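# Chains, contacts and geometry: an overview
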Amino acid sequence: MPLTLTRPDLQRQHNFIANAWHDATDGRLLPVSDPATDTVFAHVPDSAAADARAAVDAAHAAFPAWRALTGRERAQYLKRWHALILAYQDDLGRLISREQGKPLAEGRGEVLYAASYVEWFAEEAARSHGEVIPEPVRGRKMLMVKEPVGVVAAITPWNFPAAMIARKIAPALAAGCTVVAKPAEDTPLTSLALVRLAEEAGLPAGVLNMVTASRERAAEVVDVWLADSRVRKITFTGSTPVGKHLVRESAATLKRVSMELGGNAPFIVFEDADLDAAVAGLMAAKFRNGGQTCVCPNRVFVHDAVHYDFVARLSARVAALKVGPASAPDSQIGPMINARAVDKIAAHVADAVERGACVVTGGERLAALGANYFAPTILVGVDAGMRCTQEETFGPVVPVTRFEHEDEVVAAANDTPFGLAAYFYTRDMARAWRVADRLESGIVGINEGALAAEVAPFGGIKESGYGREGSRHGLDDYTQMKYLCQGGLG
Ligand code: NAP
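Here the structure is a predicted model, which is why all the values come from computation and not from measurement. (Residues numbered from 1 in each chain as written. Predicted model: local features only at pLDDT ≥ 70, side-chain atom pairs only at ≥ 80, totals over all residues. Heavy atoms only, no water.)

Here we come to the domain arrangement of the chain. Quite often, the size of an interface is put as the accessible area lost when its parts meet. On domain assignment, one finds that the chain holds domain 1 (8–261 + 464–483) and domain 2 (266–446). Relative to domain 2, the C-alpha centre of domain 1 lies at a distance of 31 Å. On the side of domain 2, 26 residues touch domain 1, which itself brings 22 residues to the contact. Across the domain 1 to domain 2 interface the summed buried area is about 1800 Å²; carbon plus sulfur atoms make up 52%. (Domains from an automatic or database assignment. Contact = heavy atoms within 4.5 Å. Buried area = accessible area lost by both parts, 1.4 Å probe.)

Structurally, R431 is set in helix α14 (residues 429–438). Note on R431: relative accessible area 10%, which makes it buried. At 3.2 Å, the side chain of R431 forms a polar contact with the side chain of D272. Among the polar contacts made by the side chain of R431, one reaches the side chain of E406 at a distance of 2.9 Å. With residues up to four places along the chain from it excluded, the contact list for R431 reads F270, E271, D272, E406, F424, T426 and A436. (Helix = DSSP H or I, 4+ residues; strand = E, 2+ residues; numbered from the N terminus. Buried < 20%, exposed > 50% of the residue type's maximum accessible area, 1.4 Å probe, protein only. Polar contact = N/O pair within 3.5 Å; in protein donor to acceptor, adjacent residues only side chain to side chain.)

Per the UniProt record, the feature "active site" (unreviewed entry) sits at E260. Looking at E260, the relative accessible area reads 5%, which means it is buried. Contact partners of E260, with chain neighbours within four places excluded, come to K168, F236, T237, G238, F458, G459, G460, S464, G467, R468 and E469. (UniProt positions renumbered as here; feature names shortened; annotations may be inferred.)

Here the focus is the UniProt feature "domain: Aldehyde dehydrogenase" (unreviewed entry) in the chain. UniProt tags residues 21–483 as "domain: Aldehyde dehydrogenase" (unreviewed entry). From the first C-alpha to the last, residues 21–483 spans 40 Å; its make-up is 41% helix and 21% strand.

Okay, here's the thing in structure tokens:
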């Protein structure tokens, strides 16, 4: 099935600044390739500092008029954008699958997921309530109102090119902020297509601006935004080292920051778990996007008493997964994003085996399919010293560790600097509340493997970051409080 678009003009190849499509000022280009074949199929601007500055100029100029609209007026733009995203779900899904590699059904699913945030924040735009504060002395009225923080810089990763951008742009626009955005080097086209649809939704000039850049020039673009005091907030999704760098650099102008960073999710199967449900939950959580998600289980702990049974049931499912290009209708696991990603996965598996782990299924590159494919893999006999438990593998690898006691496994699950998602399966209600309470994680799945939803607060603790996307709290990240006090009232 070719991943061609019914509306080829959705494949934009320019920066979007002040409602006009531009080349990079110095004309440099960034090639975009299909990870299934490593062939280049598009070019976008490889932007420089001047482009980043022009985007801020536009966003800053647009801010007063945009913030002056009512929430309901801003919602109308978001609703039109939402309708257009749904109308072009198939084209957007194809674009995601082509540049990112996930199977087509997942690409289409990501579009719906992205659209759900746009709809949610269109609804929330009118609900940015303040507070009336009971005055402690007579003769005063006190209240708190929320106002937009100003120009927001949004920087996103490649693994969900539609959802990550929608989760930031929709609340920012709803709150009354204007936006400058930079998508990841590997996946600029989906983000530009979403911007094209926002343009069609009639968004005023300068409210949303996007520049694309190569990995080599990402810092040049983002450094401009970090240094510019007109940019009042940085919202970032990506790796923890880059997030820490952005936090450090944004301190010079004391910007607000939201950081959705890396994870190292534990997945615990207790001896009383419904094993079929646990296997189904792990399959959903682990193999979505080929294991390239921040919330995917990276360490699987299985109780001694059910270890053999669980691994047998899991390996039957994993061995049956169909690996192939996104364009093949029966593919369940696509290529990894690039050669660096496959090298890291292979290195993690080799390290685990060298230190005593055993491969139950998979464990190797699938070179016959292409350079970026890796077989869905189960490792048993994994321990805490191995790279695959210390770092995000970001691939289709399930490392299984045995445990005996609840205290021991909770301590092991928490023994990481990260705290984004955690999962466990049990039928014991008392244990469910006890373990949920003790897990150091921003998101906890109890007998559930699919957690993300626009209605819920998504985000981490510890070195997985701060700030929340989605839910009614998602809007707060883009607003600041203003306290008003009127005196002389008798
Ligand atoms: P990344 O390397 O940190 O890149 C993320 C974004 O930052 C990209 O746009 C990247 O541009 C840009 N960037 C890289 N270096 C930069 C620098 N020095 N200055 C400014 N910008 C810079 O992360 P990734 O590999 O794309 O994504 C995978 C990571 O994201 C994983 O750790 C995953 O867990 C995390 N993630 C977290 C969440 C969450 O919600 N918590 C969701 C999804 C992913 P280039 O693409 O050009 O390098």
